[in-house]
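Remarks on the overall topology
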Amino acid sequence: SAADLVVSLGGDGTMLRGGPKVTHEYQQGGQYRVSVITDDAQKTSCSTGTAETFITINTPPQAHISLPAHLQMNNVLEFNASASSDPDADDLTYQWDFGDGEHGEGPIAAHAYQDRGSYQVKLTVDDNSETSCSQSTDSTVADVKSAPVAVMSIR
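Conventions and cut-offs
Residues numbered from 1 in each chain as written. Predicted model: local features only at pLDDT ≥ 70, side-chain atom pairs only at ≥ 80, totals over all residues. Heavy atoms only, no water. Helix = DSSP H or I, 4+ residues; strand = E, 2+ residues; numbered from the N terminus. Contact = heavy atoms within 4.5 Å. Areas by Shrake-Rupley, 256 points an atom, 1.4 Å probe, with all protein chains shown as cover. Polar contact = N/O pair within 3.5 Å; in protein donor to acceptor, adjacent residues only side chain to side chain. Pairing = 2+ DSSP bridges. Axes fitted to C-alpha atoms, helices over the stretch in contact; angles between N-to-C directions. Phe/Tyr/Trp six-rings, centres within 6.5 Å; stacked < 30°, edge-to-face > 60°. Buried < 20%, exposed > 50% of the residue type's maximum accessible area, 1.4 Å probe, protein only. Lys, Arg positive; Asp, Glu negative; His and termini not counted. Salt bridge = Lys/Arg side-chain N within 4 Å of Asp/Glu carboxyl O.

**Some words on the overall build of the protein**
The number of helices and strands found in the protein is zero helices and 10 strands. Listing every helix and strand of the protein by position from the N terminus yields β-β-β-β-β-β-β-β-β-β. In the protein, of all internal contacts separated by at least 6 residues, the share reaching a separation of at least 24 is 54%. Summing over all exposed atoms, the protein offers an accessible surface of approximately 10500 Å²; the carbon and sulfur share of this is 48%.

So, in structure tokens, the structure goes:
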């Protein structure tokens, strides 16, 4: 028979009362011990039952792009994401979209633009936890200028 009362302890100091389904939103990632106590309200020594499990809540990573100081076309440029982090210390994977149809991988990626102009650079970091909050993105505009042209004047 179904229990009349379910008390769920969220492991973060929260106590929820309700039926067989309750929801709870955790404010930060980490591992939590969740306990469920059922009570059939018969007030006997066998009226309650307890079960517990551990769950892990993911904290999303933080993506951060660092661009080279001078962006000139036809020069190999270094795009740096090493300031990206993950509060859970998960290993990150890095995907770059350089805004010109080219892509790269890794915390540091090299790329050369063939034309001058403004390009939307996007970085996606993933902590590979396969949760709805496992990815983070950062984007910025890369203003690529023409390479300087040497001019020599001979008299």
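And the narrative resumes.
**Quick word on the environment of Asp-86**
You can see Asp-86 is positioned in the loop between β5 (77–80) and β6 (93–97). Between the alpha carbons of Asp-86 and Asp-127 there is a distance of 7.2 Å; along the sequence they are 41 residues apart. Excluding anything up to four places from it in sequence, Asp-86 contacts Thr-59, Pro-60, Pro-61, Leu-92 and Asp-127. Polar contacts involving the side chain of Asp-86 include one to the main-chain amide nitrogen of Asp-88, which spans 3.0 Å.

**Quick notes on the sheet that holds strand β10 (residues 135–144)**
Taken together, four strands build an open sheet; the order of strands is β7-β6-β9-β10 and the sheet is antiparallel. The sheet is open, and its two edges are formed by β7 (103–105) and β10, each paired on a single side. Across the sheet, the mean angle separating the axes of adjacent strands is 20° when strand polarity is ignored. Looking at chain direction, β6 and β7 are connected through three bridges and run antiparallel. Looking at β7, one finds that Asp-97 is bridged to His-103.

**Quick word on the packing of aromatic side chains**
Aromatic ring pairs are reported here in terms of the distance separating the ring centres and the angle at which the planes meet. Taken as a whole, this structure holds six aromatic pairs when the rule is applied. Residues Phe-79 and Tyr-113 carry aromatic rings whose centres are separated by 6.3 Å and whose planes lie at 75° to one another, so their mutual orientation is edge-to-face. Residue Phe-79 is found in strand β5, and its partner Tyr-113 is found in the loop between β8 (108–111) and β9 (117–126); the two are separated by 34 residues along the sequence. Like Phe-79, the residue Tyr-113 is buried in the burial classification. Consider the rings of Tyr-113 and Tyr-119, whose centres lie 4.4 Å apart with planes at 25°: the pair is stacked. Each member of the pair, Tyr-113 together with Tyr-119, is buried.

**A look at the side chain of Asp-86**
No salt bridge is formed by the buried Asp-86. Its closest oppositely charged neighbour is Lys-122, at 17 Å. One polar contact links the side chain of Asp-86 to the main-chain amide nitrogen of Asp-90, over a distance of 3.0 Å.

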